[in-house]
Amino acid sequence: MNHPNRLRAAIQAAGTTPLIGVFDMFSASLAARHYDGMFISGFGFAASHYGLPDIGFIAWPDIVAFVQRLRLAFPRQHLLVDIDDGYVDPETACHVVQQLEAGGASGVILEDQQRPRRCGHVDGKRVLPLEEYLAKLDLVLSSRRDLVVVARTDATEEEEILRRAKALAATDADVVLVDGVRSVDWIHKVRRVIGDKPLLFNQIAGGKSPRLSLTELQQLGVDVAIYSTPCLFAAQTAIDQALAQLKQADGRLPEHVPGAVGVSECLALLEQNLSRHHDRTPAAATRTV
């Protein structure tokens, strides 16, 4: 099963392909019940694996190992992986891309940020000189076999956003992402300068970009939408509330009622990930609108 080409076909089909941000195997197990594709979010992975903000702490062997576990449990899912700046230097970026492709990733996102890097929706981002980023991107593109590569810019000045978006669209990257885009008007501007190149839009709760439906994104010419943190933020809210209620109840667990999750419900979810339960028939390229 060629995972990159399946994702590429989904991107090229009509509509907007949604990819849901996951931060561990459990969140991925839940996401797989609802969507055909996952986004391995740097924000979520840094929070889950290290308990730290996404400012450059991720070690590439950790993200490679995570993707390998995901692929074994979810053989039919699209897996788009955030590799930040390629973990600094071009040689490492190429090595990571090859490791991820061998491990079953569908695609990667490579950004143009300088270190210390930041979430694309916060202030204080700094970008590499365009020529330096393009050289790194070109090496990554030449080192892949089929892997989908998303070229991402974190530029914040209007003129520079459009200059970089146009330059990225002129490369052999499969998709362009302008992160932290602030308005529908700016989606239109980016769409015009990148021509026919597929466009990715990143939505994050509390971020800088507008909240848009898949139908609205399709009308704007957006081909892929990544949802970086709905699982992570929902987990933070639910866990905090559950523990506050446990404390208030003097440590007495709530009554297990129909519709609630207990031992059997949780095990039923996890047992679906056993490889012997996986359907062996080839998966067709799918797209949810």
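Because the structure is a prediction, the values reported are computed rather than measured. (Residues numbered from 1 in each chain as written. Predicted model: local features only at pLDDT ≥ 70, side-chain atom pairs only at ≥ 80, totals over all residues. Heavy atoms only, no water.)

**Q** I'd like to hear about the pairing of strand β2 (residues 37–40), residue by residue, with values.
**A** Walk down a regular strand and you will see the side chains alternate between the two sheet faces. Side chains Gly37 and Phe39 project from β2 onto one buried face, and the interleaved Met38 and Ile40 project onto a second face that is buried too. Where strand β1 (residues 17–22) meets β2, three bridges bridge the pair, whose relative direction is parallel. Counterpart to Ile20 in the pairing with β2 is Met38. As a crossover connection, the stretch from β1 through helix α2 (residues 25–31) into β2 is right-handed. Sheet analysis places β2 next to strand β3 (residues 78–82), joined by four bridges and oriented parallel. (Buried < 20%, exposed > 50% of the residue type's maximum accessible area, 1.4 Å probe, protein only. Helix = DSSP H or I, 4+ residues; strand = E, 2+ residues; numbered from the N terminus. Pairing = 2+ DSSP bridges. Right-handed = clockwise from strand over helix to strand, strands pointing away.)

**Q** Explain the packing of aromatic side chains to me, using residue names and the numbers behind them.
**A** With the rule as written, the count across this model stands at three aromatic pairs. When the ring of Phe43 is compared with that of Phe233, the centres are 5.9 Å apart and the planes differ by 80°; the resulting orientation is edge-to-face. Here Phe43 is found in helix α3 (residues 42–50), whereas its partner Phe233 is found in helix α10 (residues 230–248), with 190 residues between them in sequence. A residue is classified by how much of its surface remains accessible, and Phe43, at 29% relative accessible area, is partly exposed. Centroid distance Phe45 to Tyr50: 6.1 Å. Interplanar angle 85°. Geometry classified as edge-to-face. Take Tyr50: its relative accessible area is 27%, and that puts it in the partly exposed class. Through a chain of ring-to-ring contacts, three or more aromatic side chains come together here, namely Phe45, Tyr50 and Phe66. (Phe/Tyr/Trp six-rings, centres within 6.5 Å; stacked < 30°, edge-to-face > 60°.)

**Q** Talk me through the pattern of salt bridges; I want residue IDs and the actual numbers.
**A** Counted under the stated rule, the structure contains 11 salt bridges. Of the charged contacts, one joins Arg152 and Asp154 as a salt bridge, the two residues approaching to 2.7 Å between their closest N and O atoms. Linking Arg164 and Glu160 is a salt bridge whose minimum nitrogen-to-oxygen distance equals 2.6 Å. Separated by four residues within a single helix, Arg164 and Glu160 lie in helix α7 (residues 158–169), roughly one turn from each other. (Salt bridge = Lys/Arg side-chain N within 4 Å of Asp/Glu carboxyl O.)

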